[in-house]
Amino acid sequence: MGTRKETDLNDSDLAETDRAVRPGSVIVQKFGGSSLADAAGILRAAERIAKTRTNGYRVVAVVSAMGDTTDELCDLAAEVSPRPLAVDLDALLSIGELVSSALLAIALADLGQLPRTFTGSAAGLITDSIHGKAHITDVRPDRVRNSLNRGEVPIVAGFQGRTQKRNRVTTLGRGGSDLTAVALAASLGADICEIYTDVDGVYTADPRVVPTARKIEVLSSEEMLEFAASGCKVLHLRCVEYARRFGLPIHVRSSFVPEAGTLILPGLDRHPVLQPAREQPEVTGVAGVNSASKITVVGIPDQPDSMARILHVLSRSGAHVQAIVQNTAGPDSKRSDVALIVPAAHAGTALAVLDAEKGTIGFQGLQHDSEVGRVSITGLGMRSSPEIFCTFLKALSDANVDLDLFDISETSVGAVTPAHRLADAERAVRRAFGMAPAGEDAMVGHGEPLMPTVGPPVETWVSISDQDMTPVPQDDRTVARHF
């Protein structure tokens with residue numbers, strides 16, 4: 001997409017517009033399709049950007065396509081061909097964001113700003129060649145940085161990038177504009193990335209379904225990862241992964257009301273990476289635990305409350321269930337078996353309380369295997385990166401380690417193994433992921449240990465995000481609860 005014609009001021013070397021981008025002076029503001037659905041939304045976004053600049057910050061705007069434009073383009077392509085080539089479909093779908101960026105530039109110019117539009121390619125978003133769901137491999141924001149240095153407002157078309165070879169247009173998949181915004185914010189050293197949408201934050205449940213749901217003022221990135229992985233559509237999973245990886249705070253807020261939304265702050269368990277570029281899964285640790293037990297509850301009645309009764313009994317006893325797998329005997333069977341993994345220290349208590357409630361719950365018997373271990377990996381992108389799971393399984397298969405139960409979350413993948421093969425399993429997984437020997441804490445090629453992230457208090461993030469917002473007290477942190 002072409003850029004606006006440069007004015008004399010754009011070419012000037014005025015001191016106030018030619019200084020370098022200083023750390024802590026940039027805010028990236030992303031406006032979603034619902035925020036830009038019509039002319040009023042475009043004007044509202046422009047006014048928000050202009051106000052932020054008046055408050056003394058430099059702004060990079062990232063835009064989605066207006067309203068349902070992407071869906072309409074997909075429908076149009078389907079009418080033309082039942083099987084459009086992925087590369088052609090990406091070229092078509094990328095047009096929606098270009099329309100939004102041009103309209104926002106027009107609105108900003110009328111407000112006395114100096115906008116400059118960028119495609120994802122021109123903004124430096126380099127991706128792999130997986131059309132329709134490309135992953136970022138590099139970010140080269142030099143043109144955006146130079147635009148900021150000239151006192152302009154860079155407007156970047158979200159959701160898109162280009163391949164390293166042949167410079168073909170790619171799209172990042174649904175929610176890709178969020179990812180564009182976070183990647184640019186990290187690469188520019190922005191203080192915060194604001195995500196403007198049609199909701200005013202993240203809630204404990206969908207408020208359209210649960211009227212009593214509460215808005216959460218502050219979330220850790222780890223909590224938001226689980227929210228996104230569990231189906232919360234406020235933020236895209238890959239966006240949260242990227243922000244956590246590079247220690248970037250996110251502010252999810254409404255385009256329609258001025259109140260503060262939900263702050264998503266990077267965890268305190270790691271140091272932010274200093275060179276943001278590649279979007280990829282990251283394994284940070286391998287662990288083997290031989291202090292686990294497997295309890296199988298045999299012949300549970302096929303009733304909705306049977307599992308709830310078992311877990312209720314175990315929770316009252318203090319036994320911590322680490323994994324659950326239910327096996328149905330067959331389509332005509334009215335009973336099933338449930339395997340539970342608990343810490344070895346909890347096994348005796350768990351067996352005793354379950355046996356005491358055998359008649360109440362109605363199961364047929366209990367089996368106990370104390371000779372089990374659990375090997376696991378921790379890191380980022382576990383659920384959204386099937387290659388991680390495949391590598392994990394292949395490593396154990398190549399080592400001829402028998403596997404029993406699996407569990408996977410956004411930050412962990414684990415498998416239950418025979419206790420006598422746990423050391424072999426851990427060694428095989430470490431080797432597969434290029435990790436140092438078991439006695440060393442650091443990854444191969446990482447010379448320094450991970451350090452806690454040190455950042456401003458919560459009040460500072462709110463102030464940076466919008467100076468007219470009421471600060472959120474740091475000791476009033478709301479803990480997210482899953483419903």
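These numbers come from a predicted model, not from an experiment. (Residues numbered from 1 in each chain as written. Predicted model: local features only at pLDDT ≥ 70, side-chain atom pairs only at ≥ 80, totals over all residues. Heavy atoms only, no water.)

1. What about the sheet that holds strand 2 (residues 58–63)?
Then comes step 1: The eight strands lie next to each other as 3-6-2-1-9-13-14-12, forming an open sheet whose pairing is mixed. If you trace the sheet from one side to the other, it starts and ends with strand 3 (115–118) and strand 12 (218–220), each paired once. Averaged over all pairs of adjacent strands, the angle between their axes in this sheet comes to 20°, without regard to strand direction.
Then comes step 2: Bridge count between strand 1 (residues 26–31) and strand 2: six bridges; the pairing is parallel. (Pairing = 2+ DSSP bridges. Helix = DSSP H or I, 4+ residues; strand = E, 2+ residues; numbered from the N terminus. Axes fitted to C-alpha atoms, helices over the stretch in contact; angles between N-to-C directions.)

2. Remarks on the pairing of strand 9 (residues 192–197)
Every other side chain in a regular strand lies on the same face of the sheet, so the side chains alternate between the two faces.
Then comes step 1: With six of six residues buried, strand 9 lies mostly within the body of the structure.
Then comes step 2: Burial along strand 9 is two-sided: Ile192, Glu194 and Tyr196 and Cys193, Ile195 and Thr197, pointing in opposite directions, are all buried.
Then comes step 3: Judged from the five bridges that link them, strand 1 and strand 9 form a sheet pairing that is parallel. Each residue of the ladder has a partner; that of lysine 30, found in strand 9, is isoleucine 195.
Then comes step 4: Here five bridges tie strand 9 to strand 13 (residues 250–254), and the two strands are oriented parallel to one another. Counterpart to cysteine 193 in the pairing with strand 13 is isoleucine 250. (Buried < 20%, exposed > 50% of the residue type's maximum accessible area, 1.4 Å probe, protein only.)

3. Examining unusual backbone geometry
Then comes step 1: The backbone of arginine 166 sits at a positive phi, close to 70°, despite the residue not being glycine.
Then comes step 2: Here arginine 166 is to be found in the loop between strand 7 (160–163) and strand 8 (169–171).
Then comes step 3: With a phi close to 60°, asparagine 400 is a non-glycine residue in the positive phi region.
Then comes step 4: Structurally, asparagine 400 is set in the loop between helix 14 (386–398) and strand 19 (406–408).
Then comes step 5: Here asparagine 400 falls in the exposed class, since its relative accessible area comes to 60%.

4. Some details on a negative patch on the surface
Then comes step 1: A cluster of acidic side chains, namely Asp68, Glu72, Asp75 and Glu79, defines a negative patch on the protein surface.
Then comes step 2: Following the sequence through the fold, aspartate 75 ends up in helix 4 (residues 69–80). (Patch = residues over 30% accessible without salt bridge, like charges linked within 9 Å, V, L, I, M, F, W, Y side chains within 5 Å. Areas by Shrake-Rupley, 256 points an atom, 1.4 Å probe, with all protein chains shown as cover. Salt bridge = Lys/Arg side-chain N within 4 Å of Asp/Glu carboxyl O. Lys, Arg positive; Asp, Glu negative; His and termini not counted. Charge placed at Lys NZ, Arg CZ, Asp CG, Glu CD.)

5. Looking at the nonpolar core
Then comes step 1: Ranked by internal contacts, the top residues of the largest apolar core, which has 44 residues, are Leu235 and Ile250.
Then comes step 2: Looking at this core element by element, the count peaks at eight residues for helix 8 (residues 176–188).
Then comes step 3: Once residues lying within four places of it in the same chain are set aside, the contact partners of isoleucine 250 are Val182, Ile192, Cys193, Ile195, Leu235, Cys239, Ala243, Thr262, Leu263 and Ile264.
Then comes step 4: Counting 17 residues, the second-largest nonpolar core is a separate cluster that includes Ala45, Ala107, Leu108 and Ile155. (Core = buried A, V, L, I, M, F, W, Y, C linked by side-chain atoms within 4.5 Å. Contact = heavy atoms within 4.5 Å.)

6. Topic: the environment of glycine 414
Then comes step 1: As for its placement among the helices and strands, glycine 414 is situated in strand 20 (residues 412–418).
Then comes step 2: The exposure class assigned to glycine 414 is buried, which follows from its relative accessible area of 0%.
Then comes step 3: For glycine 414, the contacting residues outside a window of four places in its chain are Arg374, Val375, Ser376, Phe392, Leu405, Phe406 and Asp407.

7. Details of the confidence of the model for the protein chain
Low-pLDDT portions of the prediction should not be read for the details of their coordinates.
Then comes step 1: Here the protein chain averages 78 in pLDDT, and 76% of its residues register 70 or above.
Then comes step 2: For residues 468–483, every residue scores under 50 in pLDDT, and the model assigns this stretch 40 contacts once sequence neighbours within four places are set aside. (pLDDT = per-residue confidence, 0-100.)

8. What about the sheet that holds strand 8?
Then comes step 1: Strand order across the open sheet formed by four strands is 5-4-7-8, with mixed pairing between neighbours. If you trace the sheet from one side to the other, it starts and ends with strand 5 (136–139) and strand 8, each paired once. Averaged over all pairs of adjacent strands, the angle between strand axes in this sheet comes to 45°, irrespective of strand direction.
Then comes step 2: The pairing of strand 4 (residues 125–127) with strand 7 spans two bridges and is parallel. Each bridged residue has a counterpart across the sheet, and for threonine 127 the counterpart in strand 7 is threonine 163.
Then comes step 3: Contacting strand 4, strand 5 and strand 7, helix 8 crosses the sheet at an angle of about 40° to strand 5.

9. Quick look at the pattern of salt bridges
Then comes step 1: If you walk through the whole model with that rule in mind, you get twelve salt bridges.
Then comes step 2: Aspartate 178 is the salt-bridge partner of lysine 30, the closest N and O atoms lying 2.9 Å from each other. In this pair, lysine 30 is assigned in strand 1 and aspartate 178 in helix 8, connecting sequence segments 148 residues apart. With respect to burial, lysine 30 and aspartate 178 carry one shared label: buried.
Then comes step 3: With its nearest N and O atoms 3.0 Å apart, the salt bridge here joins arginine 427 to aspartate 424. Taken together, the residues span about one helical turn, with arginine 427 and aspartate 424 both in helix 15 (residues 422–432) at a distance of three residues.
Then comes step 4: One network of salt bridges, in which partners are shared, links Arg116, Arg150 and Glu152.

10. Notes on empty space enclosed by the protein
Then comes step 1: Using the criterion set out here, one finds three cavities of 30 Å³ or more in the structure.
Then comes step 2: Its volume calculated, the second largest cavity comes out at about 40 Å³.
Then comes step 3: As for the second largest cavity, its lining consists of Phe31, Ser35, Gly41, Arg44, Ala45, Arg48, Tyr196 and Ser255.
Then comes step 4: Looking at the lining of the second largest cavity, the element that brings in the most residues is helix 3 (residues 39–54), giving four residues.
Then comes step 5: Here the lining of the second largest cavity is built from residues that sort into three nonpolar, three polar and two charged. (1 Å grid on protein atoms, 1.4 Å probe; cavity = no way out; pocket = protein on both sides within 12 Å on 5 of 7 lines; lining within 4 Å. Points joined across faces, edges and corners; volume = space filled by probe spheres on them. Nonpolar A, V, L, I, M, F, W, Y, C, P; charged D, E, K, R; others polar.)

11. A word on the environment of arginine 421
Then comes step 1: With respect to the helices and strands, arginine 421 occurs in the loop between strand 20 and helix 15.
Then comes step 2: In the structure, arginine 421 is positioned 47 residues away from arginine 374 in sequence and 10.0 Å away in space, judged by C-alpha atoms.
Then comes step 3: Leaving out residues up to four positions away in the same chain, arginine 421 has contacts with Ala399, Asn400 and Val401.
Then comes step 4: In this structure the side chain of arginine 421 is engaged in a polar contact, spanning 2.8 Å, whose partner is the backbone oxygen of asparagine 400. (Polar contact = N/O pair within 3.5 Å; in protein donor to acceptor, adjacent residues only side chain to side chain.)

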